[in-house]
Structures are given as C-alpha cells and as structure tokens.
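Residues per chain are reported as follows:
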Amino acid sequence: MNIINIEHIAKIYQVGSEEVHALRDVSLRIEKGEYVAIMGPSGSGKSTLMNILGCLDTPTRGLYEFKGVNVSEMSDNELAAIRNREIGFVFQTFNLLPRSDALHNVELPLIYAGVPAHERKEKARMALEHVGLADRIHHKPNELSGGQRQRVAIARALVTEPAIILADEPTGNLDTKTGEDIMALFNEIYEQGNTIILVTHEEYIAEHAERIIRIRDGLIERDEKVVNRYIPQKNGASKL
Amino acid sequence: MKEFLYELKEGLLISLRAIGANKARSVLTTLGIIIGVTSVVLMSTAINGIDNAFQNGVASLGSDNLYIDKWEWFNNDTPWWELRNRRNLTVEDYERYKELAKIPLAVAPTIWSFQNIRYKNRIVESIIIQGTNHEYIKTTNLTFKEGRFFNELESNSGRNVVVLGSEIAKNLFPNGYAVGEYVRIKGHKFKVVGILDEQGSWVMGNFNPDKQVFLPLQNIYKYFQSADFRSITINVRAKNSLMVEATKEEAIGIMRRVRGLKYNEPDDFSINQQEGLLNTINQTVGVIQIAGLFITGLALFVGAIGIMNIMFVSVKERTKEIGIRKAIGAKRRTILSQFITEAAIICMIGGTIGLIIALILSLVVNQFLPTSVQIDTIILAIVISIATGVVSGFAPAYTAAKLDPVEALRYE
Ligand SMILES: Nc1ncnc2c1ncn2[C@@H]1O[C@H](COP(=O)(O)OP(=O)(O)O)[C@@H](O)[C@H]1O
Ligand SMILES: [Mg+2]
C-alpha cells in the first residue's frame, strides 16, 4: 500500500525579488514498511521535501496524496490532525520542550489527540521504556545526554503509532558512537514494521536504509535499493 | 462538550506550567491588575457603605418629612442674602401653623444650640442640643435603647429632662445605666429619661441623631440662647409618601398666611425635603463612583497593556516551542486558547492578590467607615480580572496561533 505518493512537486521560496527553487520537480512513492533514506548535499532540498511530506509545509505546485487522500486541499486543522496521528517527527536538534520532563514531552502528542490522562501517561511510559529510558522519565532535557534526548524525541514520535516516521538528520548533532546507537534504534523500529524516512547528507548513515533517494538541486538524481544494507549492532544501546 | 472540557483542563495545565516557569515575571506583570482589582473592591465597598449609612439616615429621620425653615437646605435657587434677610421663624409661627394644618401626621418645632455636655468628669464637646416638644418623636422613626422620649407634661412645663443619642450616651456612660442619672449642660442639671438606639447615619455629620441630645424647647431659650438668636425649624411629617406633595402645598398656603405675606410678595420661608439631601448624597456618591471608575479603568488599562506586552514577549520567546507544538499536532485553536488561558490565569492570580489586599485594606477602612465587602463585589473583581486577561491575551495568542510551523521551528 502506498502511504505517500507525490507527483511533480515544486517548492519555490520568494527571497526579496529572487526566486529560490528548493524543489523543482519531485515525484516519488513510499510504501508501508519501507525504510528510505533521502540523501543529498547541504542545500539540495532535503528538509524542504521532508517538511512537505510531514504536512508542515505545502508545495507550490504538484500533487501530494497521503494514504490516498489529497493533502494539498486540506485545511490547517486537518493538516494538524494528520501530523498528530499519522506522522512522527525526529529532528536534528531534538526539539523537546526544555522545561518539561521526558514523560510530558512524550505525552504531548497524545494530549493533542485527546487521550485521557491515565491512558496517555501509560503509553508515554511504555514508549520511553521502548527506547531504553525507563529510568529517566522525570528528567528534563538539560538533565539528559544528546543521545538520550534524541531517544525521548523518538519515543514522542512513536507514541501515537504513526503511519510514518520522518527523521531529519537525526544523528547530525551526535558523536559517531551515539549516532550509531540511534541508528540501531531506528533499525529496531523498522524491524517492528514501521515506515521510516531518514534524511541525511552522509552516505554511511544512508546505507542503514533499504532504499536511497539521492537528491540534488531540488531534483531526484537517483532512486535505488541498497544491495548490502548496513545493519547496526543492537547491543550498542546498552552502552549509552 | 467533553472534548471542550478536556481541552480546557489540558490548556490550564499547560498554562500553569508556563506560568510556573516564569514566576517573577508573571507576578510583576499582574501589578496593574492587582491595583485595578484592589480599587474596584475598595470603591464599591466604600460606595456600599455610604449608601447604607445614607439609607439609615433617611430611615431614622423619616422619608415623608418636610422641614419648614428660614433657610433653604440644598438647592441654592435663592441668593444667600435674601435668605439671611428673612424674618426668623418663631414658636408662635409654629403654633399657628399647627392649629391650621389639617393633613400632617405630626408637627414639631426644633431649635438647636451648640453646647458641651458632661457627666461627672466625662465631657463631650460641641454637640447639637435639639430643643423640641413631645410631638417630635412622632415626626421621626427613632427607637429607644432605654427609657422614653419626654412627655407632653415635661415638654409643656419645660422640665430639665434630656434624651441622649447613642454615641453621646456611649461616651458619657460607658458602663450603661444612664436613665435616671443627671447630666450637665452649660452648668444646668438635666435628668436623662431616654437613650436612642444607634441609627448609624454617620453621613449626616452633626445632624446624625446618634450625636445629638433632645430636650424641651423652652430650656434652649431659658438657659442657652435668646429666642431671636436663631430661627426655629418646623418638622412636618406627612401621613404617607403620597401625601407629601399635598402636605407641602398646604404648608405653603398656611405659612404665607401666618407670615402675613401679600399675594405679590415671595415666600419668606423654605420647605425642605429629604429629597434634597438625597440629591446631595447622590452627587457625592456619583463623584466617588466616577473617580473610582476612572482609577480602576486606568489601572486595568495599564494592566491590560502590561499583560499584552508580556504575552507578546512570551510568544516571541517561545516561538520554537510553538513550532514544536504545531509539528506534533497542536491546532491553531489549541495554541490560541493556550495563550489566552495563560493570560487569563495570570490576571486571575493578580485579581486574587488584589482581592486579598482589598479585603485587608477594607478591614482598616472599616475603623472609620462601616462597610462590608459584598459577595457580588468579589465575583465582579474575579470576572473583571479574567476578562482583562482574555481581552489583552487575544492579540498575542492570535499571533502565536498563526505562526508558520516551519518558520517557528527554525527560530533560534
Ligand atoms: N524559508 C526559506 N526561505 C528561503 N529559502 C529557503 C527557505 N528554506 C529553504 N530555503 C532554501 O531552499 C534550499 C533547500 O533548503 P533545504 O531544504 O533546507 O536544504 P537541505 O535540508 O537539503 O540542506 C536552500 O537553498 C535554502 O536556502
Ligand atoms: Mg536540512
């Protein structure tokens, strides 16, 4: 089943009198259960594409169907509902609420989904357990390491059981070792049947996925299966 | 409905978190609201107090009363010198009026004198001594704590008897038991025959019956001042409020006759009414109200601007937070209500602090001006503070709600 179908998407930013073509003409399909890396140099339009796929932004031109529904015609509220229920974001800079503890950060999407308090606390706790942070649920972001923060962010992305997880350079702010642990976690999540789109500019990170879409100057350059996918060591997580 | 309550509850919790994170700023922000609410509560409390006292005053004197006097009490239609040049009203005028008047319920002459009053080593200085007759009590609603008013015999024969207002009695006889004792006025002994109940009509100043004493009219002329020193006043009580106008018409006719006025001569007396007093008091209350409204409005306005300002700063500072919330599914409406709720809570906290300050201050004020804080005043204060929060929080909240999520997430 197609989760995502985009056809001839373009995104043009108006900067002063100049037009910046962040995306020129992009078409792609992503199916349920895929692990896709979007690869490209800095400025190639990866984040722009991810924001559109995540319903944070709308394309200037083109068609976007999410689970067969035309997203381009949705209202702000409908987009918010899709982001809330169907999409889990993981950002390079974690983007946690700094004054709230891990538990509150993770339960926040469930608050917006209208889940009753005891149920959502339970779900948030389980999600934190899932990412190996059972003993950190009442820690605030500044009391956690970078890797732990990214795990909280991943737990927040997973807690609503979204149709797709979008990760924009999730290891970009982490050292190699911790980055590997996070990639191991993504692998685990993938193996449990989740759909993941991973944005990166590093070949080595992209090779964790089973499919790589290479993008340059707002155009898809190549779209290929990874023959010999890199499977990270699972036990890395325990050394966190 | 359930969804709304859920959102409200979660909105409140989120707002409380945000306020908790900026305690000092939140409290400072509320200063304007604190001042506004304090003044709302104090003002309406004071106005209540004045109003009550006035109602008591009118009630104790009787609202269906007319006062025939040389002086015009409230309206200043007639020039002062003209009033001054009028002949004094005399006891004879009173007697002839009483004889001719058919419709009043009761009629009594009064004349006053400033004197000191003592009992043993206790003294109350410069009080109003009212000289009148036994009919006087029927022209008022005064009630007795102890004893009685002087009777017809005591009145006609000019006995040295006296009735004390409650405050005078309290000062001279702190332990009670005044009836039967003798007080001295200008060296003359008077036997106390009655003590009035407290009337609480302090607005009326020296005319407050609590601060007066009453004795037979002849004694005023006999001991304190000559008959031509001051005009008397004739207190007239109409049968009921519907009869006030008729009683007044009759009084004008009779008095013109008594005073021997020709048809083309103007009245050389005035018929005064409580209404005049009412107008004066209402004017005073009105001035206080306007001043109060002005101070309150100004404080609340300043408060509202402060809240708005701080909320704009808060929205700016928390742009990234708003971006995160939107990314994970907060709707515009959710963000809007989050920030409005936050402003409303800050204001409500300010309002509560203001209310507490006002309650404490009103205890202090209570020493001078008997008041009580009404429950509707409290509700009003809370409603006003929440409303201020909602109004001043709207614009910043709206700005937050319509932020573009991608831009907001990129904000550092
Ligand atoms: N809000 C914006 N306004 C103007 N230009 C933008 C904006 N966002 C991105 N761009 C431009 O679009 C191009 C693609 O940006 P981006 O998608 O962030 O690239 P990447 O994530 O691959 O580094 C860049 O040239 C960038 O400068
Ligand atoms: Mg990028």
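Keep in mind that what you see is a predicted model, and the values were worked out from it rather than measured. (Residues numbered from 1 in each chain as written. Chains lettered and ligands numbered in written order. Predicted model: local features only at pLDDT ≥ 70, side-chain atom pairs only at ≥ 80, totals over all residues. Heavy atoms only, no water.)

S.K.: How should the overall build of chain A be read in this particular structure?
M.R.: Of the regular secondary structure elements, chain A holds seven helices and ten strands. Whereas a compact globule of 240 residues would reach a radius of gyration of roughly 18 Å, chain A reaches 18 Å, a difference of no more than 12%. With the C-alpha coordinates aligned to their principal axes, the bounding extent of chain A is approximately 50 × 40 × 40 Å. Residues counted as buried form 55% of the 240 residues belonging to chain A. (Helix = DSSP H or I, 4+ residues; strand = E, 2+ residues; numbered from the N terminus. Rg over C-alpha atoms; globule rule 2.2 N^0.38 Å. Buried < 20%, exposed > 50% of the residue type's maximum accessible area, 1.4 Å probe, protein only.)

S.K.: Any chance you could explain the overall build of chain B here in plain terms?
M.R.: The secondary structure content of chain B amounts to 14 helices and ten strands. On C-alpha atoms alone, chain B measures out to a radius of gyration of 32 Å, which is more than a quarter above the 22 Å that the 2.2 N^0.38 rule sets for 412 residues. Counting only C-alpha atoms and orienting by the principal axes, one finds that chain B spans roughly 100 × 55 × 40 Å. Taking all 412 residues of chain B together, the buried fraction comes to 50%. Of all intrachain contacts in chain B linking residues separated by at least 6 positions in sequence, the fraction that spans at least 24 positions is 77%. (Contact = heavy atoms within 4.5 Å.)

S.K.: Would you mind going over the packing of helix H3 (residues 102-113) of chain A against helix H4 (residues 117-130) of chain A with me for this structure?
M.R.: To characterise two packed helices, one gives the angle between the axes of the helices and the distance between these axes. All names here are of chain A. Interaxial distance between H3 and H4 falls to 9 Å at its minimum, and their mutual angle equals 125°. Relative to H4, the element H3 lies oblique. Like other packed secondary-structure pairs, H3 and H4 cross with a definite hand, here right-handed. Here Ala102, Leu103, Val106, Glu107, Leu110 and Ile111 of H3 come into contact with H4, specifically with Arg120, Lys121, Lys123, Ala124, Arg125, Ala127 and Leu128. For the contact of H3 with H4, the class distribution of residues is eight nonpolar, no polar and five charged. (Axes fitted to C-alpha atoms, helices over the stretch in contact; angles between N-to-C directions. Parallel < 35°, antiparallel > 145°, perpendicular 65-115°, else oblique. Left-handed = near helix turned anticlockwise from the far one by under 90°. Nonpolar A, V, L, I, M, F, W, Y, C, P; charged D, E, K, R; others polar.)

S.K.: Can you walk me through the packing of aromatic side chains in this structure?
M.R.: Ring pairs (aromatic) are described by centroid distance and by the angle formed between their planes. Residue and element names in this part refer to chain B. Counted under the stated rule, the structure contains 14 aromatic pairs over all chains. Ring geometry for phenylalanine 144 and phenylalanine 149: centres 6.4 Å apart, planes at 65°, overall edge-to-face. When its relative accessible area of 8% is taken as the criterion, phenylalanine 149 is described as buried. A ring pair is formed by phenylalanine 149 and phenylalanine 214, whose centres lie 6.2 Å apart and whose planes are at 55°; its orientation type is tilted. Here phenylalanine 149, found in the loop between strand E4 (144-147) and helix H6 (152-156), pairs with phenylalanine 214, found in strand E8 (residues 212-216); they are 65 residues apart in sequence, far enough to count as distant. Each member of the pair, phenylalanine 149 together with phenylalanine 214, is buried. (Phe/Tyr/Trp six-rings, centres within 6.5 Å; stacked < 30°, edge-to-face > 60°.)

S.K.: For this particular structure, what's the right way to read the pairing of strand E2 (residues 18-31) of chain A?
M.R.: Strand residues, when the strand is regular, have side chains that alternate between the two faces of the sheet. All names here are of chain A. Note: strand E1 (residues 2-15) against E2, ten bridges, orientation antiparallel. Among the inter-strand pairings, isoleucine 6 is bridged to a residue of E2, identified as leucine 28. Between E1 and the antiparallel strand that follows it, E2, lie two residues; glycine 16 among them carries a positive phi value of about 65°. (Pairing = 2+ DSSP bridges.)

S.K.: Help me understand the site of ligand 1, please; the structure alone is not making it clear to me.
M.R.: Close contacts around ligand 1 come from 14 residues, with Gly43, Gly45, Lys46, Ser47 and Thr48 of chain A the closest. Near ligand 1, residues from chains A and B are present, making the site a shared one. Within the backbone of glycine 45 of chain A, a nitrogen or oxygen atom sits 3.1 Å from an oxygen atom of ligand 1. Contact between ligand 1 and lysine 46 of chain A: an oxygen atom at 2.9 Å from a main-chain N or O atom of the residue. Coverage of ligand 1 by the protein chains reaches 71% of its 550 Å² of free accessible surface. Going through the elements one at a time, E1, E2 and helix H1 (46-53) of chain A together with helix H14 (405-410) of chain B are the ones with two or more residues in the shell around ligand 1. Of all the elements, H1 of chain A adds the most residues to the shell around ligand 1, at three residues. A breakdown of the residues in the shell around ligand 1 according to their chemical character gives five nonpolar, six polar and three charged. (Near = heavy atom within 4 Å. Polar contact = N/O pair within 3.5 Å; in protein donor to acceptor, adjacent residues only side chain to side chain. Areas by Shrake-Rupley, 256 points an atom, 1.4 Å probe, with all protein chains shown as cover.)

S.K.: Sorry, what's going on with the interface of chain A and chain B here?
M.R.: Note on interface size: it is often stated as the accessible area lost on association of the parts. Residue-level contacts link 28 residues of chain A with 24 residues of chain B. Counting each side, the surface lost to burial between chain A and chain B is near 2,200 Å², with a carbon and sulfur contribution of 58%. Considering only the surface of chain A that becomes buried against chain B, Leu56, Arg99 and Tyr112 of chain A emerge as the three largest contributors, covering 27% of it. There are one salt bridge connecting chain A and chain B. Ionic pairing is found between aspartate 76 of chain A and arginine 332 of chain B, a salt bridge with its closest N-O pair at 2.6 Å. For the side of chain A that touches chain B, the secondary structure elements donating two or more residues are helix H2 (76-86), H3 and H4 of chain A. The greatest single-element share of the side of chain A that touches chain B, amounting to six residues, is contributed by H3 of chain A. (Buried area = accessible area lost by both parts, 1.4 Å probe. Salt bridge = Lys/Arg side-chain N within 4 Å of Asp/Glu carboxyl O.)

S.K.: It is not clear to me how the domain arrangement of chain B should be interpreted in this structure. Could you clarify?
M.R.: Parsing chain B into structural domains produces domain 1 (2-57 + 279-410) and domain 2 (63-277). The gap between the C-alpha centroids of domain 1 of chain B and domain 2 of chain B is 52 Å. (Domains from an automatic or database assignment.)

S.K.: Is there a simple way to think about a nonpolar patch on the surface in this case?
M.R.: Together, Phe294, Ile295, Leu298, Phe301, Val302 and Ile305 of chain B give the surface a local cluster of nonpolar side chains, amounting to about 620 Å² of exposed area. Examined against the element boundaries, leucine 298 of chain B turns out to sit in helix H10 (residues 274-317). (Patch = residues over 30% accessible without salt bridge, like charges linked within 9 Å, V, L, I, M, F, W, Y side chains within 5 Å.)

S.K.: Help me understand the nonpolar core, please; the structure alone is not making it clear to me.
M.R.: Nonpolar side chains in soluble globular proteins tend to end up buried together. With 66 residues, the main nonpolar core has Ile4, Ile6, Leu49, Leu53, Tyr64 and Phe66 of chain A as its most contacted residues. The greatest single-element share of this core, amounting to nine residues, is contributed by helix H12 (residues 332-365) of chain B. Core analysis: the second largest hydrophobic core is formed by 44 residues, Val91, Leu164, Ala178 and Val258 of chain B among them. (Core = buried A, V, L, I, M, F, W, Y, C linked by side-chain atoms within 4.5 Å.)

S.K.: Just to check I follow, could you spell out the pattern of salt bridges for this structure?
M.R.: Opposite charge on two side chains permits pairing when their charged atoms draw close. Residue and element names in this part refer to chain B. Scanning all chains against the criterion turns up 26 salt bridges over all chains. With a shortest N-O distance of 2.9 Å, arginine 148 and glutamate 154 are connected by a salt bridge. For arginine 148, a relative accessible area of 36% gives the class partly exposed. Using a relative accessible area of 8% as the deciding quantity, one classes glutamate 154 as buried.

S.K.: Can you walk me through the packing of H12 of chain B against helix H13 (residues 375-401) of chain B in this structure?
M.R.: Residue and element names in this part refer to chain B. It is at 7 Å that the axes of H12 and H13 come closest, and there the two elements cross at 145°. In this structure, H12 crosses over H13, and the sense of that crossing is right-handed. In terms of residue class, the contact of H12 with H13 is built from 19 nonpolar, six polar and one charged.

S.K.: What am I meant to see in unusual backbone geometry here?
M.R.: Keep in mind that most residues, glycine aside, have a negative phi and that most peptide bonds are trans. In this structure, glutamate 161 of chain A takes a positive phi of about 50° despite not being glycine. What makes glutamate 161 of chain A exposed here is its relative accessible area of 64%. The phi dihedral of tyrosine 177 of chain B is positive, around 50°, even though this residue is not glycine.

S.K.: Hey, could you run me through the environment of phenylalanine 229 of chain B in this one?
M.R.: Counting through the fold element by element, phenylalanine 229 of chain B comes out in the loop between helix H8 (217-224) and strand E9 (233-237). For the pair phenylalanine 229 of chain B and isoleucine 307 of chain B, spaced 78 residues apart in sequence, the C-alpha separation works out to 65 Å.

S.K.: Teacher, can you tell me more about the pairing of strand E6 (residues 182-185) of chain B here?
M.R.: Residues and elements named next belong to chain B. What you see with E6 is a clean split: Val183 and Ile185 sit on the buried side and Tyr182 and Arg184 on the side with no burial. Pairing of strand E2 (residues 106-119) with E6, which is carried by two bridges, proceeds in the antiparallel orientation. Bridging across to E6, isoleucine 117 finds its partner in isoleucine 185. Pairing of E6 with strand E7 (residues 188-196) involves four bridges; the strand directions are antiparallel. Across the sheet, the residue bridging to tyrosine 182 is lysine 191, located in E7. The loop that links E6 with its antiparallel partner E7 comprises two residues; one of these, lysine 186, has a positive phi angle of about 50°.

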